[in-house]
Amino acid sequence: MSRIGSKDTHPELAVRRLITEMGLRYRLHRRDLPGKPDIVFGPRRLVLFVHGCFWHQHRGCRLASMPSANAAFWQAKFDANTARDRRNTAALKREGWRVAVIWECETRQPERLARRLQRLLPVVSVSA
Ligand SMILES: [Zn+2]
């Protein structure tokens, strides 16, 4: 297994930088919301989770490969993570939030990521 990625290319920072460039305001890690979403757009009722592909087991993603050692341990950990993700998403939706997940692998393709964010967060007013 390889733990790809390093602190200085933190996926969440990449997303936040793009959002800031889009001129949007957001709040981080709101503790009053289920799952403490990474990025929250209150007026738009939209939350973003930036998920590491490995820890959150991005399906079909090459970054989400199962470690060969201690497979049972990892499987239990992954199952707990994904179950918690599902619970949090369901709770947020019940409270009227839209929930979007940005995967770590998406943050490595800045142009695709920017298009995805623009779809999620259409900018209403044209800024100079
Ligand atoms: Zn991925």
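To be clear, the structure that these remarks concern was listed above.
Residues numbered from 1 in each chain as written. Predicted model: local features only at pLDDT ≥ 70, side-chain atom pairs only at ≥ 80, totals over all residues. Heavy atoms only, no water.

Q: I would appreciate a short explanation of unusual backbone geometry in the present structure.
A: With the exception of glycine, most residues fall at negative phi, and the peptide bonds are largely trans. One non-glycine residue, Lys36, lies in the positive phi region at around 45°. Along the polypeptide, Lys36 turns up in the loop between β1 (27-28) and β2 (39-41). Overall, Lys36 belongs to the partly exposed group, its relative accessible area being 34%. At Gln57, a residue that is not glycine, the phi angle is positive and equals roughly 50°. Structurally, the position occupied by Gln57 is in the loop between β3 (46-51) and α2 (71-94). (Helix = DSSP H or I, 4+ residues; strand = E, 2+ residues; numbered from the N terminus. Buried < 20%, exposed > 50% of the residue type's maximum accessible area, 1.4 Å probe, protein only.)

Q: When you look at the coordination of the zinc ion in this model, what are you seeing that I'm missing?
A: By definition of the ideal shapes, four donors in a tetrahedron about a metal sit 109.5 degrees apart, and six donors in an octahedron sit 90 or 180 degrees apart. Taken together, Cys53 (SG), His58 (ND1), Cys61 (SG) and Cys105 (SG) make up the protein donors of the zinc ion, found 2.1 to 2.4 Å from the metal. One can describe the site at the zinc ion as tetrahedral: its four donor atoms subtend angles covering 101 to 113° at the metal. Counting the intervening residues between successive donors of the zinc ion yields the motif C-x4-H-x2-C-x43-C. Each member of the pair, Cys53 as well as Cys61, carries the same accessibility label: buried. (Donors = N, O, S within 2.8 Å, 3.2 Å for Na, K, Ca; no water. Tetrahedral: all angles 85-135°; square planar, octahedral: opposite > 155°, others 65-115°.)

Q: I keep staring at the pairing of β3 and nothing clicks. Help me out?
A: Regular strands place side chains that alternate from one sheet face to the opposite one. Within β3, six of the six residues are buried, leaving the element largely enclosed by the surrounding structure. Neither face of β3 is exposed, since Leu46, Leu48 and Val50 on one face and Val47, Phe49 and His51 on the opposite face are all buried. Bridge count between β2 and β3: three bridges; the pairing is antiparallel. By the bridge assignment, Phe41 is partnered in β3 with Leu46. The hairpin formed by β2 and β3 contains four residues between the paired strands, and Arg45 there has a positive phi angle of roughly 50°. (Pairing = 2+ DSSP bridges.)

Q: What's the story with the packing of aromatic side chains in this structure? I'm lost.
A: Aromatic ring pairs are described here by two measures, namely the spacing of the ring centres and the angle between the planes. Inspection of every chain in the model, using the stated rule, returns seven aromatic pairs. Seen in terms of ring centroids, Phe73 and Trp74 are 5.2 Å apart; in terms of plane orientation they differ by 80°. Their pairing is edge-to-face. Taken together, the aromatic side chains of Phe54, Trp55, Phe73, Trp74 and Phe78 make up a single cluster linked through ring pairs. Sitting over the face of the ring of Trp97, Arg45 holds its NZ or CZ atom 4.1 Å from the ring centroid. (Phe/Tyr/Trp six-rings, centres within 6.5 Å; stacked < 30°, edge-to-face > 60°. Lys NZ or Arg CZ within 6 Å of the ring centre and 35° of its normal.)

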